[in-house]
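For reference, the chains in residue letters:
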Amino acid sequence: KQWYQRRVRGVGEDCTLDFYELEIYFFVICVVAIKNRRCVSAEAYLSTLFTFAKAGSAILFYKMNIQLAIWYILLCVVLTVTVRTPSFEESSEMKYFVDDSLPQQLKNDKDTIWVVEFYTTFSPHCNAVKPIFGALSREFTHDYMKFGKCDVLKSHGVPESYDISSSCLKTELPAIVVFEDGKPAARIKQTNNGKQYLMSYVNLKRDLLLQEFYEKAVQKSKTIKSEKKKKK
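Let me begin by describing the structure that accompanies this report.

About the cut-offs
Residues numbered from 1 in each chain as written. Predicted model: local features only at pLDDT ≥ 70, side-chain atom pairs only at ≥ 80, totals over all residues. Heavy atoms only, no water. Helix = DSSP H or I, 4+ residues; strand = E, 2+ residues; numbered from the N terminus. Buried < 20%, exposed > 50% of the residue type's maximum accessible area, 1.4 Å probe, protein only. Pairing = 2+ DSSP bridges. Axes fitted to C-alpha atoms, helices over the stretch in contact; angles between N-to-C directions. Polar contact = N/O pair within 3.5 Å; in protein donor to acceptor, adjacent residues only side chain to side chain. Contact = heavy atoms within 4.5 Å. Expected span 1.5 Å × (residues − 1). Core = buried A, V, L, I, M, F, W, Y, C linked by side-chain atoms within 4.5 Å. Salt bridge = Lys/Arg side-chain N within 4 Å of Asp/Glu carboxyl O.

Here's the deal with the environment of phenylalanine 50
- As for its position among the elements, phenylalanine 50 is in helix α2 (residues 42-64).
- Classification of phenylalanine 50 as partly exposed rests on a relative accessible area of 47%.
- Separated by 18 residues in the primary sequence, phenylalanine 50 and valine 32 place their C-alpha atoms 9.2 Å from one another.

Considering the sheet that holds strand β3 (residues 95-97)
- With mixed pairing, the five strands of this open sheet are ordered in space as β3-β5-β4-β6-β7. Pairing within the sheet leaves two strands with one partner each, and these edge strands are β3 and β7 (183-189). Looking at each pair of strands side by side, their axes are set apart by 25° on average, direction ignored.
- One ladder, built from three bridges, connects β3 with strand β5 (residues 145-151); its direction is parallel. From the neighbouring strand, tyrosine 96 faces β5, where its bridge partner is lysine 149.

Considerations on the side chain of threonine 112
- Mapped onto the secondary structure, threonine 112 falls in the loop between α4 (101-108) and β4 (113-119).
- Among the polar contacts listed, one links the side chain of threonine 112 to the side chain of aspartate 109, at a separation of 2.9 Å.
- With residues up to four places along the chain from it excluded, the contact list for threonine 112 reads Asp143, Tyr144, Met145, Lys146 and Phe179.

As for helix α3 (residues 66-82)
- Between its first and last C-alpha, α3 extends 24 Å over 17 residues, near the 24 Å set by a 1.5 Å rise per residue.
- For α3, the capping residue at the N-terminal end is asparagine 65, with a side-chain oxygen 2.8 Å from the backbone nitrogen of glutamine 67.

With respect to the nonpolar core
- Ranked by internal contacts, the top residues of the largest apolar core, which has 23 residues, are Val115, Met145, Phe147, Val178, Leu204, Leu208 and Leu210.
- Counting residues per element, the ones that place at least two in this core are β4, α5 (124-140), β5, β6 (175-180), β7 and α8 (210-231).
- Among the elements that make up this core, the one with the highest residue count is α5 (five residues).
- Here valine 115 is in contact with Phe133, Met145, Lys146, Phe147, Gly148, Ile176, Val177, Val178 and Leu210, once residues within four sequence places are set aside.
- One finds Phe118, Cys126, Val158 and Val177 within the second-largest nonpolar core, a separate group that totals 17 residues.

Observations concerning the pattern of salt bridges
- What the rule picks out here adds up to five salt bridges.
- A salt bridge links aspartate 163 to lysine 189, with the shortest nitrogen-to-oxygen separation between them at 3.8 Å. With a gap of 26 residues between them, aspartate 163 in the loop between α6 (158-161) and β6 and lysine 189 in strand β7 connect regions that are remote in the sequence.
- One salt bridge in this structure joins arginine 206 and aspartate 207, with 2.9 Å as the shortest N-O distance.

Here it is, written out as structure tokens:
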């Protein structure tokens, strides 16, 4: 056991890690590695790392001194309450759909390209994609290209009508669909045919063809404005 012994400077005693402490360290490393296999951002990775590191540290403090463990847990609680996680802004024009409002919107507004995320509030994948979808909405929102979100638990039957399963067993959520002329023109799911998709900012922007749809929206805006001028 000499390989993990280390001497603290200024102290004459050896500071050693026993087998139980090593088990906790390796447990935290394994859990973080498993949980972070499909992280879509550095923020999600660090959040998982720090959460389990705190849990492991609390156990080690308890083994050493129960009073230190109590103070450490209280400090973590205070920091959690007082230091808020920064909120990720989304486009001010983001629209939320419930019941059958999405089909009605697509039917009544075929001139607008809609980018809609199908999500659930309790899904960790949906929560991880939230800041990415918000950033995309800020970049690409236009008069003729808008973003929205559809809560599958409040819109029964709507996801299935667009070939999206809301079942937790299939893990297709979040799913993002681009609607053009009221019909699906591009679609990305978290899991498709058993394969998981990495929903990063770059991947979604590229695979959903958002730049191309944005250019179409700009061109449509110019065409409609020119037609209005001719009528005048």
